[in-house]
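# A closer look at the structure
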Amino acid sequence: MEVDHIVCSLMFFVISIVHSSAAPALFAGQRTENWKNFYMAQEYLDKYYEDHTQPIGMLTSTDSMSTKLRKMQAFLGLQASGKLDSATIQAMKQPRCGVPDVARYRHFPGKPKWEQSAVTYRIKKYTSSMHRADVDTAIDLALKAWSEAAPLNFAKMTSGEADIMVSFEVRDHGDSYPFDGPRGTLAHAFAPGEGLGGDTHFDDEERWTMGINGFNLFTVAAHEFGHALGLGHSTDPTSLMYPTYKYQNPIGYRLPQDDVKGIQSLYGPRKQAPEKPQFPPQQPPQQPPKQPSPPFNPTICDPNISFDAVTVLGKELLFFKERYVWHRQTQLTSVKPNFISSSFPHLMANVDAAYNVPDTGNAYFFKGPYYWKTTGNQILWQSHPISDFGFDSNIHQVDAAVYMKETGTTLFFVGNLCYSYNEEKQKMEKGYPKKTDEEFAGIPSKVDAAAEVNGSLYFFSGSKVYKYDNEAEDVVSVTKTSSWIGC
Ligand code: 0D3
Ligand code: CA
Ligand code: ZN
Ligand code: ZN
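The following paragraphs examine the structure supplied in this document. Given the structure is predicted, the values throughout are model-derived calculations rather than measurements.

## Concerning the sheet that holds strand β12 (residues 337-339)
Strand-to-strand pairing in sheets goes through backbone hydrogen bonds, with the strands running parallel or antiparallel. Pairing is antiparallel across the open sheet formed by 4 strands, whose spatial order is β9-β10-β11-β12. Edge positions in the sheet fall to β9 (309-313) and β12, since each of these pairs with one other strand and no more. When the angles between neighbouring strand axes are averaged without regard to direction, this sheet yields 30°. Pairing of β9 with strand β10 (residues 316-321) involves 5 bridges; the strand directions are antiparallel. In the strand pairing of β10, V310 is matched with F319.

## Some words on a negative patch on the surface
There is a patch of like negative charges on the surface, built from E406, E471, E473 and D474. By the element assignment, E406 lies in the loop between β17 (400-404) and β18 (409-414).

## Describing the coordination of the zinc ion (ligand 4)
Looking at the zinc ion (ligand 4), the protein donor atoms are H223 (NE2), H227 (NE2) and H233 (NE2), and they sit 2.0 to 2.1 Å from it. Because the angles between the 4 donor atoms bound to the zinc ion (ligand 4) fall within 94 to 128°, the donor set is best described as tetrahedral. Sequence spacing of the donor residues for the zinc ion (ligand 4), all on one chain, is H-x3-H-x5-H. Here H223 is found in helix α5 (residues 217-228), whereas its partner H233 is found in the loop between α5 and α6 (257-267), with 10 residues between them in sequence. Each of the two residues, H223 as well as H233, counts as buried.

## Looking at the site of ligand 1
Taken together, 16 residues lie around ligand 1, and G184, L186, H223, E224 and Y245 are the ones closest in. In this structure, L186 approaches ligand 1 through a main-chain N or O atom, which is 2.8 Å from an oxygen atom. In isolation ligand 1 has 530 Å² of accessible area, and contact with the protein removes 87% of it. No other element matches α5, which puts 4 residues into the shell around ligand 1.

## Section: the coordination of the zinc ion (ligand 3)
At the metal site, the zinc ion (ligand 3) is ligated by H173 (NE2), D175 (OD), H188 (NE2) and H201 (ND1), and these contacts range over 1.9 to 2.0 Å. One way to put it: the 4 donor atoms around the zinc ion (ligand 3) meet at angles of 95 to 118°, and that makes the site tetrahedral. Read N to C, the donor residues that coordinate the zinc ion (ligand 3) are spaced as H-x1-D-x12-H-x12-H. Of this pair, D175 sits in the loop between β4 (164-169) and β5 (187-190) while H201 is found in strand β6 (residues 200-203), placing the two residues 26 residues apart along the sequence. By relative accessible area, D175 is classed as buried at 5%.

## Observations concerning the nonpolar core
One finds I139, W146, I164, F202, W208 and F225 to be the most contacted residues of the largest nonpolar core, which totals 45 residues. For this core, the secondary structure elements donating two or more residues are β2 (118-125), α4 (132-147), β4, β5, α5 and α6. Among the elements that line this core, the one with the most residues is α4, at 8 residues. Setting aside residues up to four positions removed in sequence, I139 forms contacts with Y121, I123, V166, F202, A221 and F225. Counting 18 residues, the second largest nonpolar core, distinct from the first, contains F319, W326, A449 and V465.

## Focus on the packing of aromatic side chains
In total, this model carries 34 aromatic pairs according to the counting rule given. Taken together through their ring pairs, the aromatic side chains of Y355, Y364, F366, Y371, F389, F391, F412, Y419 and Y421 make up a single cluster. Here the basic side chain of R132 rests over the ring of Y126, its NZ or CZ set 3.9 Å away from the ring centre. If you follow K434 out to its NZ or CZ, it ends over the ring of Y432, 4.6 Å from the centre.

What counts, and where the lines are drawn
Residues numbered from 1 in each chain as written. Chains lettered and ligands numbered in written order. Predicted model: local features only at pLDDT ≥ 70, side-chain atom pairs only at ≥ 80, totals over all residues. Heavy atoms only, no water. Pairing = 2+ DSSP bridges. Helix = DSSP H or I, 4+ residues; strand = E, 2+ residues; numbered from the N terminus. Axes fitted to C-alpha atoms, helices over the stretch in contact; angles between N-to-C directions. Patch = residues over 30% accessible without salt bridge, like charges linked within 9 Å, V, L, I, M, F, W, Y side chains within 5 Å. Areas by Shrake-Rupley, 256 points an atom, 1.4 Å probe, with all protein chains shown as cover. Salt bridge = Lys/Arg side-chain N within 4 Å of Asp/Glu carboxyl O. Lys, Arg positive; Asp, Glu negative; His and termini not counted. Charge placed at Lys NZ, Arg CZ, Asp CG, Glu CD. Donors = N, O, S within 2.8 Å, 3.2 Å for Na, K, Ca; no water. Tetrahedral: all angles 85-135°; square planar, octahedral: opposite > 155°, others 65-115°. Buried < 20%, exposed > 50% of the residue type's maximum accessible area, 1.4 Å probe, protein only. Near = heavy atom within 4 Å. Polar contact = N/O pair within 3.5 Å; in protein donor to acceptor, adjacent residues only side chain to side chain. Core = buried A, V, L, I, M, F, W, Y, C linked by side-chain atoms within 4.5 Å. Contact = heavy atoms within 4.5 Å. Phe/Tyr/Trp six-rings, centres within 6.5 Å; stacked < 30°, edge-to-face > 60°. Lys NZ or Arg CZ within 6 Å of the ring centre and 35° of its normal.

Next up, the structure:
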């Protein structure tokens, strides 16, 4: 593993050591008498371009310094003159580690990449600041962000040597890049290659979380895996590979354009969908199979499309179908399908229903006899039985759910029946279930999905959407389902 393949964000710091007196030979301009620059350069090169597999404290000769200079210049995309010219001095004064900023996305020198599409990973050492299952999920989602964009499949290992060995470490941990305690460097990863190559270390003195506080593990892991797959830092401030941490919500996360371009320049675009999502382990093995239908192609605008679930989440309207989710901003721009697994845990494919309570920020996703809850920015990954809502044990799934702001209740649709759940009291309202077509005149007895948008209720049933007016107690308009995703 070459030293310059490591990526970190060490702040530039100075140690005063007096080195060789042959310094001027390195300067490009004869009139340059900036010894401060020379010492700065020497320290920089020692810190970032020293072969740390060798014992430290050895005398550094001018030769090896210019070699290191050349190496550094090549790495930074500068002219590899081996001379300490002003561009090189400028680059060294950048308050970040030797990760270049000239282009947007960057690769490592020699463009190291994984030659096989199946890349293995193993979480070797966990952190004590998070549940293991949450670490697994954060890592899983972070890898998924990349495998959505490029033809890579990540295979998890629980023993032995994997391509990407993930661990939480403190201070000195055997790779010459000791961590620095709380804040500062959060993590580092090695570019693709043998041995240390691909390995990803997280500073275990940080407070790792699933949410917005501390450092969000998904965010940092997604960034580090960019390095582990061969990407350097990007100058695009909206990119994931930008050098400084900015919280990214794992829910609804999609790889920014610059990072997609970066990864595809190494591995090409993804042609076929990532592996089929697995069922949650908590799920009973026997689920009544849905009637077989031809494989659904989300890129073809099907005028007869129907949805599994629809919900508002934050400023977006989300449409779920099988393994896909469409994100629609309040103002309709172009709406493209994405794999559910790029934004949500893969187990959320084929959701039955979803709803959101804007006041609490909670969203609920239903699948078979289980539901998942997301709070503010984090998914509580544990699934719970839908009987928590007060459904009888003979109810094994719900078809649709919608929260109504005005009443503070959530409507659930099961077969031709509807239930009303009081969110405040956390109880089913008396008198339910009722027949859906009796409670809501004009809508079909069976609905696939429901959502409240701008105070109006919309019922999705097959290829049609019924807008229901609570005041008029009737359907006021019917639209094609496909028009909701811009078809
Ligand atoms: C790092 O520690 C990066 C990790 C990183 C960068 C961007 C997004 C997620 C993770 C090392 S490769 N950067 C330092 C950092 O952001 C500079 N520290 C915390 C801070 O808040 N400044
Ligand atoms: Ca740190
Ligand atoms: Zn390390
Ligand atoms: Zn980085």
